[in-house]
Structure formats: C-alpha cells, structure tokens
Amino acid sequence: MLKPGLMMDRPLLISGLLEHSAAQNATQEVVSRETHGPTVRLSIAQIARRARQLANALRGLGLQPGDAVASIAWNNHRHLEAYYAVSGSGMVMHTCNPRLHPEQLVYILNHAEDRVVLFDSTFAPLVQAIADKCPHVKAWVCLSDAEHLPAAGGAVKPLAYEDLIAHQPDTFDWPEFDEKTGAVLCYTSGTTGNPKGVLYSHRAIVLNATTACLPDVLGLSTRESVLPVVPMFHINAWCIPYAAMVAGARIVLPGPRLDGASLYELMESEKVTISAGVPTIWMGLLQHVEQGGLRFSTMRLTAVGGSAMPRALIEKFNDVYGVEVRHGWGMTETAAIATLSNLSAADWEKPAEERHALVARQGKVVSGIEIKVVDEMGTTLPRDGTSQGELMVRGQWIVERYYKAERTALVDGWFPTGDIATIAPDGVMTIRDRTKDVIKSGGEWISSIDLENAAAGHPAVAQAAVIGIKHPKWDERPLLLLVRKPGAALEKDEILGFLAERVAKWWVPEDVVFLDALPVGGTGKVQKNELRKRYGGVFSGA
Ligand code: AMP
C-alpha cells in the first residue's frame, strides 16, 4: 500500500514569491521606464510595500477574493506591483493585450467580468472608447500619478494609481488558500473566433517560475539583470516577473518604447545580461546595432520564441555579437516556455554551422513538461526526426480547459497544440508549421517556416513570410512575401535562384510579392490569415 509523505503541506502561492524576495533581496533593484519617459528605480522592498498598499486599496474598493482585475499596460513597475497585489489577495489578474481589436477587448473584459481596470495612459483613448460597453467595471485606474493623468474628456474619470495607494498601510496579511486557485487569466489572440481564456493557477505559475530560473532555461540569479521585452500582457512575459523574484535577479522593465535604439540604450545603461522577446524585436535591435557599428558590453543571453527565429539572426547574435540565443516554444495554453534549445558541453564543441542548426530548432522540453507527435488518427509517431504530426503537450503548467468552458480541451489527457512538429531521437523538437499554415502541394507538405528561414538567409531580406495559394493542378503552392532591407536591391529571379540552391525544387515558391512591411498582430507574429486574405487567391500563372 502507498504510504503518505509526512512533510508539511505549504501551498505554492504567488504572494510567497514576493515576500521571499522582499526578505532575501530587499535592496535588489527594479528599474522601470515610465510611460511618460523617465527611468525610475525601486528596491524589491519598495515594490513589496507598494504591492501591499495596492492590495489594501483594492479591498477598500470592495473587491473580494475571486474577483477579476484587468490590466492594459506596458512592462513597468506598477504593472509588476499589480501582478502580486491582485493574485496575492486571491483575485484574478487578467492581463489584456492592448493590440486586440477593441471589440475583442470588450468581449474579454465582459467574459472575465473584470471589476477594476488598471491601464497605462497610452491606452486612455482606447479605454474611453470601450468603457460604456463594460458594465462590470466599477473603477478605471490609470497607472500614473495625478500629474500624469490623461487629459479630461470622455465618459470615464480615471483614478490615479498613486492617489489610490498613497494612504494605504504597507502591510497586508496575504490570505492562504489552495494552490490550485486561479491567479492569472490570459486570453489567446483569437485570430479566428473569440479569444479563449486560460486561467493559470498559483501552483502552475510558481512551478513554472522556479523552473525558468534553471541554468539551462533562463539561468536567472542574483547576479543577473533581466530585461523582459516580451510583454507582461502576453503569457506573463514568459513568467519572468515571477522567476526574477524566485532568483532575486535585477529586473529592468522597458515601458512602451521597444524600438531597437531604445532597447539598446537600456541594455547598455542598465548593464542587462539576459533578455527575452519575439524575433521581430531582435530584428529591430540588430538593425540598429549593425547600422551604428555598435557592440553589446554586458548582454550575454537572449531567449527568443513566439515564432520561429531565423537562423541568420541566430548566427549574427552568436558569432558577431557574442550573445547566446536560446530558442523556445510555448503558447498561451502552456503558460510560458515549454521547450528550449540549449546546447550541451558536447554541442559547444561542434562547428558553428551545426550549433546554429541546433538552435534553429525549438529544443527539448523543460522539466515538468512532456510532448509527443501524433498522426491524424491520434497514433503516436516515432521520435525519428522525420515523422511529422500534430504536437501534443501535457505537464504541470498546461491548460486543462478554457475559462468558463464546459468541456475539457484535452484529448486523452494531452493538449493538441495545432502545431506540426517532429521530434528527434535525442528529444529535440522542431516546429514545422501551424496546422493551418502548412502548405499541401501535390499531396506533399511544404513547411512555410523552413522556406521563410531559407529566404531570411539572403542578405537583402529583412522579413519573409510564406503562405499557400490555391493552385488548379497542385492544390496549393507556396507564395513568398518579402520585405527588402532598407536600400537593398533584390528581384524575384535572384531570390528564387537563391532558394533553388537551398530547398527541394518543388518547394521553390510559385511567385514572389515585395511589400513595404508585413502585417504584424498583437503578439508580434506575422498575420498569415491577413496575408492569405489579401494574396491567397487562385494562382493565375502570371
Ligand atoms: P500564442 O499563444 O499567441 O503565444 O501563440 C502560440 C503559437 O506560436 C504556437 O502554437 C506556435 O504556433 C507559435 N510559436 C511559438 N513559439 C514558436 C517558435 N519558437 N517557433 C515557431 N512557432 C512558434
């Protein structure tokens, strides 16, 4: 018979992370760029005091455990305080993506039944436009002091965050409750249909945050300065605001300016060592660094994910700038990073070409997560590096069902991701495509990601996207959409010739369209559905 363990049953709660760090790393810094410009510095002890003041203020507004509080905000210290105040008091922190269509934003605020909305002044016009459609909200709080409240006008009279917390006690008895309680609500970007809510539990976040600190994941420690460029409104900035408290790392929050020049300046002035973001952010940063002939003095590691990181970028960061790239995969439903490409000691001995090829894949699962790939019948496929099918995932911080859904989202205990992948015998996973993006040509699959990666390797290409266009004979054929680098000359024949040397002949795109920019969605991903709408018609043979 199984014997029960005889250890204490202390719940894994988010308030515990804050109080741990406030006690152990009281003087560690949080550096934060204000939405209106200046950079402010607070200690972890101050952040904790302010979080407790906010918890008191929310209670004063009549909010109860289980109520939802929304944020529409950049990465800054007030947002960080709210992360802890709201979830720590047993309420649900609902982080909203401000780049959602306003109608979708209204939908999620109502679906979540948010009682209070915390917003950055940048989003004041948005708030004014949607406020009268959100009947549950009883207070709109601008994350600023009274001086920087947005100009009056509109139906909503926002409170200033600083006024709200000003006279509140800076002590608060964080309640203790079941670690499976909902802590943070994050909606999917909803490219088709309404966004779906994923309600992360305290347990999932604490386990995830602890794992994220491991040397082979983000490697956070008291010696590191971590800059999450990845937004706190999308998948908790990959859990970094929690992981940094576990590790006692210094946190640098970039505010609203995410262009290459602003990020570079912050990385250098604040001696950032570790960062994380989507590939488009790193493209902008690299362009700025290249144009200015600049170097990184302290940056040593960047985690990148959200969409495939082009190999050409991995090479540049590693070989030219000495910044290690770790390429991860995850989704709203996996609460953060689920797999990550990191190199073992033996991998580091390999020639650069081979190392870059390894990092271009999405890597191995972190402890706590399992993956498999299945065919259309649900049969598990071999881990041979070539059998591709739908990627299934399960683990300690993976969704079980969407918020307010009556039915589980799982199939036989696994979450179907909608991604097409292969898994190699050594466990390294490669995302080949989204089920809806993969191109089926003459009954065979063409990976849009592989083609994009190959095109991005051309020195004149700034960005590449590949979609399937309908074809009378082959069913679908690839169409390449390209953005040239500023000042670069590149024509169709040259890029097709370049690709012909790198991919199978029948993969070479049917046509090339040059654009000034690719449409990018709320989470920094290229909107392929938008491209398909515009360019995905029947191939005319022109
Ligand atoms: P979201 O929930 O909006 O973050 O989107 C998650 C989706 O982004 C995944 O299902 C993948 O299709 C895609 N994705 C995330 N990371 C990667 C990556 N490293 N390479 C390719 N696709 C990725």
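Definitions and limits used
- Residues numbered from 1 in each chain as written.
- Predicted model: local features only at pLDDT ≥ 70, side-chain atom pairs only at ≥ 80, totals over all residues.
- Heavy atoms only, no water.
- Core = buried A, V, L, I, M, F, W, Y, C linked by side-chain atoms within 4.5 Å.
- Buried < 20%, exposed > 50% of the residue type's maximum accessible area, 1.4 Å probe, protein only.
- Helix = DSSP H or I, 4+ residues; strand = E, 2+ residues; numbered from the N terminus.
- Contact = heavy atoms within 4.5 Å.
- Pairing = 2+ DSSP bridges.
- Axes fitted to C-alpha atoms, helices over the stretch in contact; angles between N-to-C directions.
- Near = heavy atom within 4 Å.
- Polar contact = N/O pair within 3.5 Å; in protein donor to acceptor, adjacent residues only side chain to side chain.
- Phe/Tyr/Trp six-rings, centres within 6.5 Å; stacked < 30°, edge-to-face > 60°.
- Domains from an automatic or database assignment.
- Buried area = accessible area lost by both parts, 1.4 Å probe.
- Salt bridge = Lys/Arg side-chain N within 4 Å of Asp/Glu carboxyl O.
- Nonpolar A, V, L, I, M, F, W, Y, C, P; charged D, E, K, R; others polar.

### Points about the nonpolar core
Leu 80, Tyr 84, Leu 220, Tyr 242 and Met 245 are the most contacted members of the largest nonpolar core, which has 94 residues in total. The element contributing the most residues to this core is helix α2 (residues 44-60), with eight residues. The residues touching Met 245, leaving out its near neighbours within four places in the chain, are Leu 17, Leu 18, His 20, Ser 21, Asn 25, Ile 44, Ile 47, Leu 80, Tyr 84 and Ile 251. Grouped together as the second largest cluster of nonpolar side chains are 29 residues, Tyr 264, Leu 266, Val 289 and Leu 313 included.

### Examining the sheet that holds strand β17 (residues 369-374)
Ordered in space as β17-β18-β19-β20, the four strands form an open sheet in which the pairing is antiparallel. The sheet terminates laterally at β17 and β20 (429-434), the two strands that pair on one side only. Mean inter-strand twist for the sheet, computed between neighbouring axes without regard to direction, equals 50 degrees. Here five bridges tie strand β19 (residues 415-423) to β20, and the two strands are oriented antiparallel to one another. Looking at the pairing, Thr 422 lines up with Thr 430 of β20.

### Notes on the site of the ligand
Within the structure, the ligand sits among 17 residues, and Gly 328, Thr 332, Gln 362, Asp 419 and Arg 434 are positioned closest to it. Between the ligand and Gly 328, the relevant distance is 2.7 Å, taken from a nitrogen atom to a main-chain nitrogen or oxygen of the residue. Between the ligand and Thr 332 there is a distance of 2.7 Å, counted from an oxygen atom to a side-chain nitrogen or oxygen. At the level of secondary structure, the elements contributing two or more residues to the shell around the ligand comprise β14 (324-330) and β20.

### Digging into the packing of aromatic side chains
Summed over all chains, the structure comprises nine aromatic pairs. Ring centres of Phe 296 and Phe 317 lie 6.4 Å apart, and the angle between their planes is 25 degrees; on these two criteria the pair is classed as stacked. One end of the pair, Phe 296, is in the loop between α11 (279-292) and β13 (301-304); the other, Phe 317, is in helix α12 (residues 311-320), and 21 residues separate them in sequence. The two residues Phe 296 and Phe 317 agree in class, both being buried. Note on Phe 296 and Tyr 321: the rings are 5.9 Å apart at their centroids and 80 degrees apart in plane angle, and the pair reads as edge-to-face.

### Brief notes about helix α9 (residues 240-247)
With seven of its eight residues buried, α9 lies for the most part within the structure. Within α9 the residues assigned to the buried category are Ile 240, Pro 241, Tyr 242, Ala 243, Ala 244, Met 245 and Ala 247. Note on α9: the residue one or two positions beyond its end, Gly 248, has a positive phi of about 75 degrees.

### Points about the domain arrangement of the protein chain
Entries for the protein chain in the domain assignment read domain 1 (367-434) and domain 2 (439-535). One C-alpha centre belongs to domain 1, the other to domain 2; they are set 27 Å apart. Tallying the contact residues gives six residues for domain 1 and seven residues for domain 2. When the two sides are added together, the surface that domain 1 and domain 2 hide from each other amounts to roughly 500 Å², 45% of it contributed by carbon and sulfur. Among the residues domain 1 hides against domain 2, the three largest losses belong to Gln 388, Arg 432 and Asp 433. Together they make up 70% of the total. Between Asp 450 and Arg 432 there is a salt bridge, with its nearest N and O atoms 3.5 Å apart. In terms of residue class, the side of domain 1 that touches domain 2 is built from two nonpolar, one polar and three charged.

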